[in-house]
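Chain residues, written in single-letter form:
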Amino acid sequence: MSDQSDQSNNNFDKDGNKKPPQPGVSNNKVPEEELALTKSVGSKGLSSFFSSLMAILVGLVVGVIILMIANPSNAGQGLIAILRGGMTGSPTALGQSVATSIPIIMTGLSVAFAYKAGLFNIGASGQFMIGGVFAVYVAIKGTMIPDSILWLVCMLAAMVGGAIWGSVPGILKAYFKVNEVITSIMMNYIGMYTAKIIIERTIYDSRYARAQNVPLRAQIPTLGLNTRFPGTNLNISLLLCIVFCVIIFIISSRTVFGYELTAVGLNPDASRYAGINSKRTVIIAMMIAGAMSGLGAYMMYLGGTGVYMDTKEIVASQGFNGIPVALLAMNHPIGVFFTGLFIGHITIGGENLQLYGYSKEIIDMIIAVIIYCAAFSLILKQLLGRIIQGKFRINRQKPRGPAPQGPGRYMHPEETEVSS
Amino acid sequence: MTTIAFVVQQTMIFSIPLLIVAMGGMYSERSGVINVGLDGGMIMGAFTGTVFLNQMQGHMSGQGLLLLALLVSGLTGFLFTIFHAFASINLKANQVISGTAMNMFAPAFAVFAGRLLFGTQQVPFRDTFYIREVPLLGDIPILGPLLFQKAYITTYVGFLIFFFAWFVIQKTSFGLRLRACGEHPGAADTVGIDVQHMRWAGTLISGFLSGIGGLAFVVPTSTESNATVYGYGFLALAVMIFGQWRSFKILGAAFFFGLMKTVASAYSAIPGIKSLPIPATVYKMIPYIATLIVLIFMSKRSQAPAAEGIPYEKTGR
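Remember, it's a predicted structure, so these values are computed and weren't measured experimentally.

A. Broad picture of the overall build of chain A. The helix and strand inventory of chain A stands at 16 helices and two strands. Here chain A holds 420 residues, and the buried ones make up 56% of them. A total accessible area of about 17400 Å² is found for chain A, and carbon and sulfur atoms account for 64% of it.

Written as structure tokens, this is what we have:
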């Protein structure tokens, strides 16, 4: 524990060199201990992996039980269908599985990144829909944009749309201290209706009650992937996913901004004391998170997958499905890529379950159980780690002085006003 | 007058479920446990409640049946929330994650069980609960049309629950202890309050009320349950935060939101609004935008329970 504290202290100094240094402040004890705590979690990627694996196993066991209850005779085949997921031998199914994964990887990335700053981005759905409508609008109306860069312009449009939508909860959180959970929920509904209005007023296809087709020239480049893997409509979006996961990983763990983000997430007061502009950090974090969600919609609606933006008044499920992806990856940007693929994989497994007379919602129940177990597997792991280190919960809150009331990550500590 | 009565009657339909569920959320959060799984509890309650209605409507009908069904819904929410309470309190899990899992599980379960029992995910029931006019009370000059005509018994149940819940949390020693566990569990512990018990109580009450709220939402708005409450659990969470975790502010917030929702959905029936040249979709955004604006003006000082979301560990002191 002690050497980890030193390590975080070093980071602090390194950070201080780049920002105007504040002598004496970097000795601030408050974030150190908690930073050390998360560092010990972060560095143990392997045990995180195993605890996620444990959660997945429990989820599958519950899944088998549910299959047995519903129809015992097909339960074996059902389980095989779930495990095989998209890997049924046909490239189409594999392509489907990837196509299902891509949007939720991006929204998962969005949730995970916001969580770094201590923000629960339940508004990925709204950011997703606005990003999608921006991209589709540019794709259809951007006739003056040359073909070669149109896909990039659409991508930027999606990022801008998502970032605008993400910025609203960020600004309200930073300047008005409004809880981001509630503003994100509201922005989901406002985004849904805004997207509907934009579609209906500009790019409506009244025959099918949805947005017009995205022209071929605006679609995401395939680089020949769809011909190399015949039967699929693969394009470069999976590569883009990897690139963005890596970018987010670098931002969050290898840059000053990422460090500030973690510090603000752990303790906004202490980070402000250390000279970090926590307002700016929160807003930028939410904007980046929003941009990632917008990108997810870009990859879904411009990927030539035959999915169109419709005007049904339903909040996009991809945003909510990003939450389990992020949680299962324990908010690690690279982990998100794999958990997203996994969830996409078993979702297609759920589609195949229907062949054996089961409803595909069984998969959602399995995912729910996995998330539920993931909620405390992390705690069990920390507990084990602490027992091993011989530091079992001693004076963790002492540095805070006489009032030992640490704020949860859910709340901004300034909001915690004690009253009757 | 008829317009006002209409608006009030409509507002009740939207506000009462929000009020019940938000009060439930308040119990959980003021005991120190964040419950974002309210939506899941509502869906579970709505599902079992309508299954009960569906199965029993051949034997009985009217208000007695609905009251029994509400009880079934409440018990379902209660049982469902045991998982959340166990994870959050005993296993010290991340409460937001656990609640999210609840929200994922419930709609999937409702679809699955609906298909298993009825072949479809829609569970229909006969609406024999509509109250055209409450005897005697409905004849009161102004109050009658506002509160005692064209209503559902859920409205009165909702008000009863509200006052009872307010009384218990604010005026009884149980309530005081519960609030202490949400503000300063260490201090509560030193005076002999069992923090874990109180948090279990708070969380289970929230589950009970979310189940009731689920059925109270479905019965007046539909004649079948469809494995969803259209995000009302999240709205209830918003109402609770909007209401600053305080009973009467939650009452105000629920009715504010319900009124806005009424304006949004029934604007064409309200003279004066109908003639404005604004697209219909814009009206539907009103409740959400209005809530945002109100929050900006009044949320400078939040009164969230200080210890919410933080598992309590005795060994730490």
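Picking up where we left off.
B. View of the overall build of chain B. Scanning chain B from terminus to terminus reveals twelve helices and four strands. For chain B, buried positions account for 60% of its 317 residues. A sequence separation of at least 24 residues applies to 79% of the contacts in chain B between residues at least 6 apart.

C. Layout of the interface of chain B and chain A. Chain B puts 63 residues into the contact, and the matching count from chain A is 58 residues. When chain B packs against chain A, the two sides together hide about 5400 Å² of surface, and 71% of this comes from carbon and sulfur. Along the contact surface separating chain B from chain A lie two salt bridges. When the shortest N-O distance is used, the salt bridge between B:Arg115 and A:Glu361 registers 3.5 Å. Applying the counting criterion to the chain B and chain A interface returns six residue pairs in polar contact (both at pLDDT 80 or more).

D. Examining unusual backbone geometry more closely. One non-glycine residue, A:Met330, lies in the positive phi region at around 50°. Within the element layout of this structure, A:Met330 appears in the loop between helix H14 (317-328) and helix H15 (333-353). The backbone phi angle of B:Ala227 is positive, close to 60°, even though this residue is not glycine. When you line up the elements, B:Ala227 lands in the loop between strand E4 (224-225) and helix H10 (232-242).

E. Region of the structure containing H14(A). In this model H14(A) runs 17 Å from its N-terminal to its C-terminal C-alpha over twelve residues, within 8% of the 16 Å that 1.5 Å per residue would give. Immediately beyond the C-terminal end of H14(A), within one or two residues, lies A:Met330, with a positive phi of roughly 50°.

F. Representation of the pattern of salt bridges. As enumerated under the stated definition, the model contains ten salt bridges over all chains in all. A salt bridge links A:Lys196 to A:Glu200; its shortest N-O distance comes to 3.4 Å. Of the two residues, A:Lys196 and A:Glu200 both sit in helix H8 (residues 180-202), four residues apart, roughly one turn of that helix. For the salt bridge of A:Arg207 with A:Asp205, the shortest nitrogen-to-oxygen distance reads 3.3 Å. Exposure remark for A:Arg207: the relative accessible area of 65% places this residue in the exposed category. The class for A:Asp205 is buried, based on a relative accessible area of 9%. Each member of the salt-bridge network shares a partner with another, and the members are A:Lys196, A:Glu200, A:Glu313 and B:Lys284.

G. Summary view of helix H1 (residues 2-30) of chain B. Taking 1.5 Å per residue, 29 residues should reach 42 Å; H1(B) reaches 40 Å between its end C-alpha atoms and fits that length. Along H1(B), the helix axis deviates most sharply at B:Ser15, where the bend reaches about 35°; the proline B:Pro17 sits within four residues downstream.

H. Representation of the packing of helix H6 (residues 124-141) of chain A against helix H13 (residues 278-301) of chain A within the structure. All names here are of chain A. In contact at an axis separation of 7 Å, H6 and H13 are set at 55° when each is read in the N-to-C sense. Viewed along their axes, H6 and H13 adopt a mutual orientation that is oblique. For the pair H6 and H13, the sense of crossing is right-handed. Contact residues: Ala124, Gln127, Phe128, Gly131, Gly132, Ala135 and Val136 in H6; Met286, Ala289, Gly290, Ser293, Gly294, Gly296, Ala297, Tyr298, Met300 and Tyr301 in H13. The class makeup of the residues in the contact of H6 with H13 is ten nonpolar, seven polar and no charged.

I. Quick peek at the packing of H6(A) against H8(A). Residues and elements named next belong to chain A. Running from N to C, H6 and H8 point in directions that differ by 15°, and their axes come no closer than 7 Å. Our classification of the angle between H6 and H8 gives roughly parallel. The way H6 lies across H8 gives a crossing that is left-handed. For the pair H6 and H8, the contacting residues are Ala124, Ser125, Gly126, Met129, Ile130, Val133, Tyr137 and Lys141 in the first and Met187, Asn188, Gly191, Met192, Thr194, Ala195, Ile198, Ile199 and Thr202 in the second. Class assignment for the residues of the contact of H6 with H8 results in ten nonpolar, six polar and one charged.

J. Region of the structure containing the packing of aromatic side chains. This model, assessed by the stated rule, comprises 20 aromatic pairs over all chains. Aromatic pair B:Phe217 and B:Tyr232: ring centres 4.3 Å apart, planes at 35°, arrangement tilted. You can see B:Phe217 sitting in helix H9 (residues 195-221) and its partner B:Tyr232 sitting in helix H10, a full 15 residues away along the chain. The exposure class assigned to B:Phe217 is buried, which follows from its relative accessible area of 7%. Here B:Tyr232 falls in the buried class, since its relative accessible area comes to 4%. Each residue in the set A:Tyr189, A:Tyr193, B:Phe257 and B:Tyr288 is aromatic and connected to the rest through ring pairs, giving one cluster. The aromatic ring of A:Tyr308 is capped on one face by A:Arg210, whose charged end is 3.6 Å from the ring centroid.

K. Expanded view of the side chain of A:Asn121. All names here are of chain A. Along the chain, Asn121 falls in the loop between helix H5 (91-116) and H6. The exposure class of Asn121 is buried, given its relative accessible area of 0%. A distance of 2.9 Å separates the side chain of Asn121 from the side chain of Ser110, its partner in a polar contact. Separated by 3.1 Å, the side chain of Asn121 and the backbone nitrogen of Gly123 make a polar contact.

L. Examining the environment of A:Ser51 more closely. Residues and elements named next belong to chain A. Topologically, Ser51 is positioned in helix H3 (residues 45-70). Each C-alpha atom of the pair Ser51 and Ala374 lies 7.3 Å from the other, and the pair is 323 residues apart in sequence. Excluding residues that lie within four positions of it along the chain, Ser51 makes contacts with Met330, Ser377 and Lys381.

M. Focus on the environment of A:Cys154. Within the secondary structure, A:Cys154 is located in helix H7 (residues 147-176). Among residues more than four places away in sequence, those in contact with A:Cys154 are A:Ala135, A:Val138, A:Ala139, A:Ala218, A:Tyr298 and A:Leu302.

N. View of the confidence of the model for chain A. Residue and element names in this part refer to chain A. Chain-level statistics for chain A give a pLDDT mean of 81 and a share of 79% at 70 or above. Within chain A, the element-level pLDDT minimum falls on helix H1 (residues 2-18), averaging 40, and the maximum on H6, averaging 96. The model gives residues 1-43 a pLDDT under 50, and that stretch makes 55 contacts with residues more than four places away or in other chains. In this model residues 392-420 is a low-confidence stretch, pLDDT under 50, and it forms 80 contacts with partners more than four residues away in sequence or in other chains.

Criteria and cut-off values
- Residues numbered from 1 in each chain as written.
- Chains lettered and ligands numbered in written order.
- Predicted model: local features only at pLDDT ≥ 70, side-chain atom pairs only at ≥ 80, totals over all residues.
- Heavy atoms only, no water.
- Helix = DSSP H or I, 4+ residues; strand = E, 2+ residues; numbered from the N terminus.
- Buried < 20%, exposed > 50% of the residue type's maximum accessible area, 1.4 Å probe, protein only.
- Areas by Shrake-Rupley, 256 points an atom, 1.4 Å probe, with all protein chains shown as cover.
- Contact = heavy atoms within 4.5 Å.
- Buried area = accessible area lost by both parts, 1.4 Å probe.
- Salt bridge = Lys/Arg side-chain N within 4 Å of Asp/Glu carboxyl O.
- Polar contact = N/O pair within 3.5 Å; in protein donor to acceptor, adjacent residues only side chain to side chain.
- Expected span 1.5 Å × (residues − 1).
- Bend = angle between axes of the 7 residues up to and from the residue.
- Axes fitted to C-alpha atoms, helices over the stretch in contact; angles between N-to-C directions.
- Parallel < 35°, antiparallel > 145°, perpendicular 65-115°, else oblique.
- Left-handed = near helix turned anticlockwise from the far one by under 90°.
- Nonpolar A, V, L, I, M, F, W, Y, C, P; charged D, E, K, R; others polar.
- Phe/Tyr/Trp six-rings, centres within 6.5 Å; stacked < 30°, edge-to-face > 60°.
- Lys NZ or Arg CZ within 6 Å of the ring centre and 35° of its normal.
- pLDDT = per-residue confidence, 0-100.

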